[in-house]
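Descriptive structure summary
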Amino acid sequence: MEERYYSPSEVCDIIPGMTTALLAAMRFRGDGPPFIAASPKKRVYAESSLHAWLASRERTQTGEPVSA
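Presented here is a report on the structure given in the accompanying data block. (Residues numbered from 1 in each chain as written. Predicted model: local features only at pLDDT ≥ 70, side-chain atom pairs only at ≥ 80, totals over all residues. Heavy atoms only, no water.)

Before going further, it helps to examine the side chain of S7. Following the sequence through the fold, S7 ends up in the loop between strand 1 (5–6) and helix 1 (8–14). One polar contact links S7 to S9, side chain to side chain, over a distance of 3.2 Å. Excluding its chain neighbours within four sequence positions, the residues that come into contact with S7 are K42 and R43. (Helix = DSSP H or I, 4+ residues; strand = E, 2+ residues; numbered from the N terminus. Polar contact = N/O pair within 3.5 Å; in protein donor to acceptor, adjacent residues only side chain to side chain. Contact = heavy atoms within 4.5 Å.)

The following block contains the structure:
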């Protein structure tokens, strides 16, 4: 199957509560989903990387820490 790539606004449509500003801040801090710098100003996200990043943040209790 061919990999699908999402723009930041499409990522925000997929992840409830995510905004483009929050996603940009997470890129800057290095704690967001992995991204690809398709050009100097264009960032895209591979579908498989988004799924893996979300799965890595899955918790069973609210007190569990979320690592970067």
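Quick look at the nonpolar core now. In terms of nonpolar packing, the biggest core is built from 10 residues, these being Y6, V11, C12, I15, M18, L23, M26, Y45, L50 and W53. Those elements that place two or more of their residues in this core are helix 1, helix 2 (20–29) and helix 3 (47–56). (Core = buried A, V, L, I, M, F, W, Y, C linked by side-chain atoms within 4.5 Å. Buried < 20%, exposed > 50% of the residue type's maximum accessible area, 1.4 Å probe, protein only.)

Time to look at the sheet that holds strand 3 (residues 43–46). An order of 1-3-2 is seen for the three strands of this open sheet, with the pairing classed as antiparallel. Sheet topology places strand 1 and strand 2 (36–37) at the edges, where each strand pairs with a single neighbour. Where strand 1 meets strand 3, two bridges bridge the pair, whose relative direction is antiparallel. Residue pairing for strand 3: Y5 is matched across the bridge by A46. In this fold helix 3 packs onto strand 1 and strand 3, with an angle of close to 70° to the strand it touches most, strand 3. (Pairing = 2+ DSSP bridges. Axes fitted to C-alpha atoms, helices over the stretch in contact; angles between N-to-C directions.)

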